[in-house]
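Examination of the molecular architecture
Single-letter residue listing:
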Amino acid sequence: MSHAPTGTEPAQPPPGDDHAFFGQPRGLMTLSGLEVWERFSFLGMQAILVLFFADKVSNDGLGMDPGTAASVSAAYGTLVYLVSVAGGWLADRILGSYRAVLYGGILIACGHYAMAVPTATMTWVGLGLISAGTGLLKPNVASMVGKLYRTEDQRRDAGFALYYMGINIGAFAGPLVTGWLGDHAGWHWGFSAAAFGMTLGLIQYVAGRRHLAGRKHTAEYALAPGPMRRAVLMIVAGIVVAALVATALALAGWLTMDRFVDLLTLVSVIAPVVYFVVMFRSPRVTPEERGRLRPYVVLFLASVVFNFILFQAYSTMMLLASTNARTEIVGFHFPASWYASALGAFEVALAPVVAAVWVRMGPRQPHVSNKIAIGVILGGLSFLLMVIPTSGHSGDTYRMAAWWIVGSYLLLGLGDILLETSGMSATTKLAPQAFASQTMALWFLSLALANGIQAQIVKLYGEVSNPAYFGVNGAIAVAAGVAVIAAAPWLKRTMHPVH
């Protein structure tokens, strides 16, 4: 069991009269600030990562062909979300949320600093550290936000809205800074900016720690001392053995980059299948809960389809922007990676509008399954839109107007708002009670699977025509969204009482 809090550490949510941060608890400013800088560094780096992979070695890039660059970038995303599943367990059983987030942030910062060193080896070391760090930090920050509020506190939803706005502010600002530095000073200067941003986030997180409710030295559901020692030893031994085996296979020429990507895709497919089988067969799951799991599988797959499109905003869409889009608007020239900032900007602007529409509609608003379906359709349409400007060109010498990609990101951003908020809400409500503490793991598995599939499909980018690539993928997403709408009567009936 965890130790009692000591000193000035708050053991429970602050009193309801704590309105220091826009009417919200002070701790929300600490956690939102951390997420601003974490997303600044993560998405700022990701906006230039695929361009760095694909750039010529003479320009300090890695010289990959576009399809391989996009595939490796997607594999990195797969690894991040797979590790996030373990990160939630480590916080619950060993580290505690505060320390998991702190250690995760330190690993992320170290990873970005490693990537600032202009060698290929340090690039891979850096990506490994960032994957491990994000896996510790990402699943636990949101749970810490929830601990700021008592169950009956009506400010909770508004607090999460502010928190997610912080995420999107970071997503908007990161690519602007790293993109400009990558374009004007060099890719590794862009990675340095990401490292600096994460460092600032850590400083303000530690400085504001006294306002974080429930911060303890041990995990909330800590293992007993004996099992904890065994678990730590097994984890360390597993990491060491995996590293030694991977090194040996790499030196023997068997573990190539392509095989590593394929391995991650395989794991991303197997993990959710095993997870669902365990839940369906668990004696701790009631027949009623098992009935609600069936519609959730449909929503889980819808999330995979949408995020398969969404994550390509930082891979194939970045590659397309760098080669076939104009980088000027009303006479102002900008780096191609700045297009990634449009996604964050649209989500910051549209999220309050969507929330206001749902409030105004009240009980007349669409069922959660239809919100998710509309999000998937919008994601598909964002790709179908790219068929128009890429058609009728035999080479890569053409340049489409900037508004085509901006318009695509507008559709994608709106779809993301509809799907992510509704999908996360449905996950928490439909997951069996025995697995309630692992709902974030289930959600992250959908993101890992989307990246795992993307890592294979994007290999076709540059091998087939752009209209065919974006047209087929977009059409599949639209068809998936329409299928969810067609299944709406069954989903509404089996998802009860979720509306």
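In this text the structure is predicted, and so the values were computed from the model without any measurement. (Residues numbered from 1 in each chain as written. Predicted model: local features only at pLDDT ≥ 70, side-chain atom pairs only at ≥ 80, totals over all residues. Heavy atoms only, no water.)

Quick look at the overall build of the protein chain
The number of helices and strands found in the protein chain is 17 helices and two strands. A burial count over the protein chain gives 50% of its 499 residues as buried. For the protein chain, contacts bridging at least 24 residues in sequence account for 82% of all contacts bridging at least 6. When the accessible surface of the protein chain is totalled, it reaches about 21,600 Å², and 68% of it is carbon and sulfur. (Helix = DSSP H or I, 4+ residues; strand = E, 2+ residues; numbered from the N terminus. Buried < 20%, exposed > 50% of the residue type's maximum accessible area, 1.4 Å probe, protein only. Contact = heavy atoms within 4.5 Å. Areas by Shrake-Rupley, 256 points an atom, 1.4 Å probe, with all protein chains shown as cover.)

Some points on the environment of A246
For A246, the position within the fold is in helix α7 (residues 225-251). Assessed through its relative accessible area of 28%, A246 is described here as partly exposed. Along the primary structure A246 and F260 are separated by 14 residues, whereas in three dimensions their C-alpha atoms are 9.5 Å apart.

Some thoughts on a nonpolar patch on the surface
On the surface, W124, M257, F260, L263, L266, V267, V269, I270, V273, V274, V277 and V278 cluster together into a nonpolar patch covering about 950 Å² of accessible area. In terms of residues, the nonpolar patch owes the most to one element, helix α8 (residues 257-281), which gives eleven residues. Its location among the elements puts V277 in helix α8. (Patch = residues over 30% accessible without salt bridge, like charges linked within 9 Å, V, L, I, M, F, W, Y side chains within 5 Å. Salt bridge = Lys/Arg side-chain N within 4 Å of Asp/Glu carboxyl O.)

What about the pattern of salt bridges?
Under the definition given, this model contains four salt bridges. Note that E35 is salt-bridged to K138, the shortest N-O span being 3.1 Å. Here E35, found in helix α1 (residues 26-54), pairs with K138, found in helix α4 (residues 120-146); they are 103 residues apart in sequence, far enough to count as distant. One exposure class covers both E35 and K138, and it is buried.

Re the confidence of the model for the protein chain
For the protein chain, per-residue confidence averages 84 on the pLDDT scale, and 90% of positions sit at 70 or higher. When the elements of the protein chain are averaged for pLDDT, strand β1 (residues 328-329) gives the smallest value, 81, and helix α16 (residues 466-486) the largest, 95. Scored below 50 in pLDDT, residues 1-11 makes 20 contacts in the model with residues more than four places away or belonging to other chains. (pLDDT = per-residue confidence, 0-100.)

Points about unusual backbone geometry
Even without being a glycine, D60 presents a positive backbone phi close to 70°. Within the secondary structure layout, D60 lies in the loop between α1 and α2 (66-95).

Focus: the nonpolar core
In this structure, M45, Y339, I405 and Y409 are the most contacted members of the largest nonpolar core, which totals 94 residues. Contacts of Y339, omitting those with residues within four sequence positions, involve M318, A321, A325, R326, F334, A402, I405, V406 and Y409. L102, Y149, L202 and Y205 belong to the second-largest nonpolar core, a separate cluster that totals 21 residues. (Core = buried A, V, L, I, M, F, W, Y, C linked by side-chain atoms within 4.5 Å.)

Things to note about the packing of helix α10 (residues 316-324) against α16
Where α10 contacts α16, the axes come no closer than 13 Å and their chain directions differ by 150°. Regarding the angle of α10 to α16, the classification is roughly antiparallel. Between α10 and α16 the crossing geometry is left-handed. Only N466, Y469 and F470 of α16 make contact with α10, whose side of the interface consists of T316, M317, L320 and N324. Looking at the contact of α10 with α16, its residues break down into four nonpolar, three polar and no charged. (Axes fitted to C-alpha atoms, helices over the stretch in contact; angles between N-to-C directions. Parallel < 35°, antiparallel > 145°, perpendicular 65-115°, else oblique. Left-handed = near helix turned anticlockwise from the far one by under 90°. Nonpolar A, V, L, I, M, F, W, Y, C, P; charged D, E, K, R; others polar.)

Looking at the packing of aromatic side chains
Tallied over the full model, the rule gives 18 aromatic pairs. Judged by centre distance (5.8 Å) and plane angle (25°), the ring pair of Y81 and F311 falls under stacked. Taken together, the residues Y81 in helix α2 and F311 in the loop between α9 (287-310) and α10 connect sequence positions 230 residues apart. Overall, the relative accessible area of 11% leaves Y81 in the buried class. Members of the aromatic cluster, each reached through a chain of ring pairs, are F52, F53, W124 and F191. (Phe/Tyr/Trp six-rings, centres within 6.5 Å; stacked < 30°, edge-to-face > 60°.)

Quick word on the environment of G87
Along the chain, the position of G87 falls in helix α2. The exposure class of G87 is buried, given its relative accessible area of 2%. Residues G87 and S97, ten residues apart in the sequence, show an inter-C-alpha distance of 9.6 Å. With sequence-adjacent residues up to four places away left out, G87 is seen in contact with G135, L136, P139 and N140.

Observations concerning the packing of α9 against α16
Relative to each other, α9 and α16 sit at 155°, their axes nearing to 10 Å. Between α9 and α16, the angle is such that the two are roughly antiparallel. At the point where α9 passes α16, the crossing takes the left-handed sense. For the pair formed by α9 and α16, the contact residues are V298, A302, V305, F308 and I309 on the first element and N473, A477, A480 and V484 on the second. Of the residues that constitute the contact of α9 with α16, the class distribution is eight nonpolar, one polar and no charged.

Digging into α16
With 21 residues, α16 ought to run about 30 Å at 1.5 Å a step, and its terminal C-alpha atoms sit 30 Å apart, in line with that. Every buried residue belonging to α16 is among N466, Y469, F470, G471, N473, G474, A477, V478, G481 and V484, and all of these are buried. (Expected span 1.5 Å × (residues − 1).)

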